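Listed here are the chains, written in short residue letters.
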Amino acid sequence: MDVHQYCQERAAASGSSFYYSFVFLQPEMRRAITAFYALCRELDDVVDECRERQVAEAKLDWWRAEIGRFANGAPEHPATRALFDTPQGRAIPPALLLEVVDGMAMDLDHTRYPDFKSLNLYCYRVAGVVGEIAASIFDGTRGEHDRDIRRYAHELGLAFQLTNIIRDVGEDARRGRIYLPQDELVRFGVHETDLLSGRNTPEFQTLMQFQYERALACYGRAFAALPPGARRAQRPGLVMAAIYRTLLSEIRQSGFPVLHARVSLTPLRKLWLASKTWLFP
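A brief structural summary. Bear in mind the structure is a predicted one, so any value in this text is a computation, not a measurement.

Further remarks concern the overall build of the chain. Summing up its helical and strand segments, the chain has 14 helices and zero strands in all. For the chain, the succession of helices and strands along the chain, N to C, is α-α-α-α-α-α-α-α-α-α-α-α-α-α. In terms of overall size, the chain behaves like a compact globule, its C-alpha atoms giving a radius of gyration of 19 Å where 281 residues would be expected to give roughly 19 Å. Taken along the three principal axes of its C-alpha coordinates, the chain extends 50 × 50 × 35 Å. Looking at the chain as a whole, 51% of its 281 residues qualify as buried. The contacts of the chain with a sequence gap of at least 6 include a subset with a gap of at least 24, amounting to 71%. For the chain, the accessible surface area stands at approximately 13100 Å², while carbon and sulfur atoms represent 52% of it. A distance of 5 Å separates the average location of the 35 positive side-chain charges in the chain from that of its 35 negative side-chain charges.

Attention now moves to empty space enclosed by the protein. Once rolled over the atoms, a probe with the size of a water molecule shows which space is left empty. In this structure the tally under the stated criterion is two cavities of 30 Å³ or more. Looking at the second largest cavity, its volume works out to about 50 Å³. Considering the residues around the second largest cavity, the lining is formed by Ile 165, Val 169, Asp 172, Ala 173, Arg 177, Ile 178, Tyr 179 and Leu 180. In terms of residue class, the lining of the second largest cavity is made up of six nonpolar, no polar and two charged.

Turning next to the pattern of salt bridges. For the structure shown, the criterion picks out 24 salt bridges. Note that Arg 64 and Asp 61 form a salt bridge whose closest N and O atoms lie 2.9 Å from each other. Remark: Asp 61 and Arg 64 occur in helix H3 (residues 53-71); sequence separation between them is three residues, near one turn of the helix. For Asp 61, a relative accessible area of 46% puts it in the partly exposed group. In this structure, Asp 148 engages Arg 151 in a salt bridge whose closest nitrogen and oxygen atoms are separated by 2.9 Å. One end of the pair is Asp 148 and the other is Arg 151, both in helix H8 (residues 146-167) and three residues apart, which spans about a single turn. Asp 148 gets classed as partly exposed once you look at its relative accessible area, which sits at 24%. Connected through shared salt-bridge partners, Arg 10, Arg 41, Glu 42, Asp 44 and Asp 45 make up one network.

Before going further, it helps to spend a moment on the environment of Phe 210. Within the fold, Phe 210 resides in helix H12 (residues 202-225). Residues contacting Phe 210, with those up to four places away along its chain left out, are Glu 184, Arg 187 and Phe 188.

Looking now at the packing of H8 against H12. Packed helices, taken two at a time, are described by the angle between their axes plus the distance between the axes. Packing of H8 against H12 brings their axes to within 8 Å, and their N-to-C directions diverge by 160 degrees. With respect to each other, H8 and H12 are oriented roughly antiparallel. Where H8 crosses over H12, the two elements pack in a sense that is left-handed. Contact residues: H8 offers Asp 148, Arg 151, Tyr 152, Glu 155, Leu 156, Leu 158, Ala 159, Phe 160, Leu 162, Thr 163 and Ile 166, while H12 offers Met 208, Gln 211, Tyr 212, Arg 214, Ala 215, Cys 218, Tyr 219, Arg 221, Ala 222, Phe 223 and Ala 225. A class-by-class count of the residues in the contact of H8 with H12 yields 15 nonpolar, two polar and five charged.

What counts, and at which threshold
- Residues numbered from 1 in each chain as written.
- Predicted model: local features only at pLDDT ≥ 70, side-chain atom pairs only at ≥ 80, totals over all residues.
- Heavy atoms only, no water.
- Helix = DSSP H or I, 4+ residues; strand = E, 2+ residues; numbered from the N terminus.
- Rg over C-alpha atoms; globule rule 2.2 N^0.38 Å.
- Buried < 20%, exposed > 50% of the residue type's maximum accessible area, 1.4 Å probe, protein only.
- Contact = heavy atoms within 4.5 Å.
- Areas by Shrake-Rupley, 256 points an atom, 1.4 Å probe, with all protein chains shown as cover.
- Lys, Arg positive; Asp, Glu negative; His and termini not counted.
- Charge placed at Lys NZ, Arg CZ, Asp CG, Glu CD.
- 1 Å grid on protein atoms, 1.4 Å probe; cavity = no way out; pocket = protein on both sides within 12 Å on 5 of 7 lines; lining within 4 Å.
- Points joined across faces, edges and corners; volume = space filled by probe spheres on them.
- Nonpolar A, V, L, I, M, F, W, Y, C, P; charged D, E, K, R; others polar.
- Salt bridge = Lys/Arg side-chain N within 4 Å of Asp/Glu carboxyl O.
- Axes fitted to C-alpha atoms, helices over the stretch in contact; angles between N-to-C directions.
- Parallel < 35°, antiparallel > 145°, perpendicular 65-115°, else oblique.
- Left-handed = near helix turned anticlockwise from the far one by under 90°.

Structure, rendered in structure tokens:
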């Protein structure tokens, strides 16, 4: 199978909302971002699918070596080969890719986070850095707005990750993981047993409203940081923001049913949001 076909099928099979942000891109840029997304899926699956810690560690070590091979122009995996096959992919600093691997590795050591500061480091590695890389693929120019675009990308990545955390509270708890900061559980009177047993209390609702407002503020800071002249180039990220912010709103309007249900948008609604945002960024 052609490496780009491999990445395309990997992205399509995931069913992720990210796929909808690639639809309207020119072929070369679409190949680059699809390859990068496929690489992220490969890394994410290491932690999600490996039952034994030693196996997961060995696989992540292999990926660190693979990024070294990518840096030297000789990658072996279809995702890294496809990424290297694009000019946008070859421009990605390997150090940023290693940050993503380090973020995935944090899931091997941390099933709880004492406070938002410690959670923020995890979010930076698995989402903020991913946002920075994606933004650079969409607009490879380095100019006067570069710092603003990086700030936008990091804030948007954080917003996406916080949305994921809110959406997946119940699912993560059933896997023994709690990403909501421990000090905030205490602050709002929510016990771990409430999450692990799926107990939807008034205190839980107040805690989730707080998480919702934090995520919403991240979207606001991201949009404020993006220079008007860069909006057109960054339309794929804005498409994702439209989908994810709508998802966040749906979760809140549904009364935060996240302990027992996974709230999602239909493919048709995602495509409608993508089309509208692409035409009117």
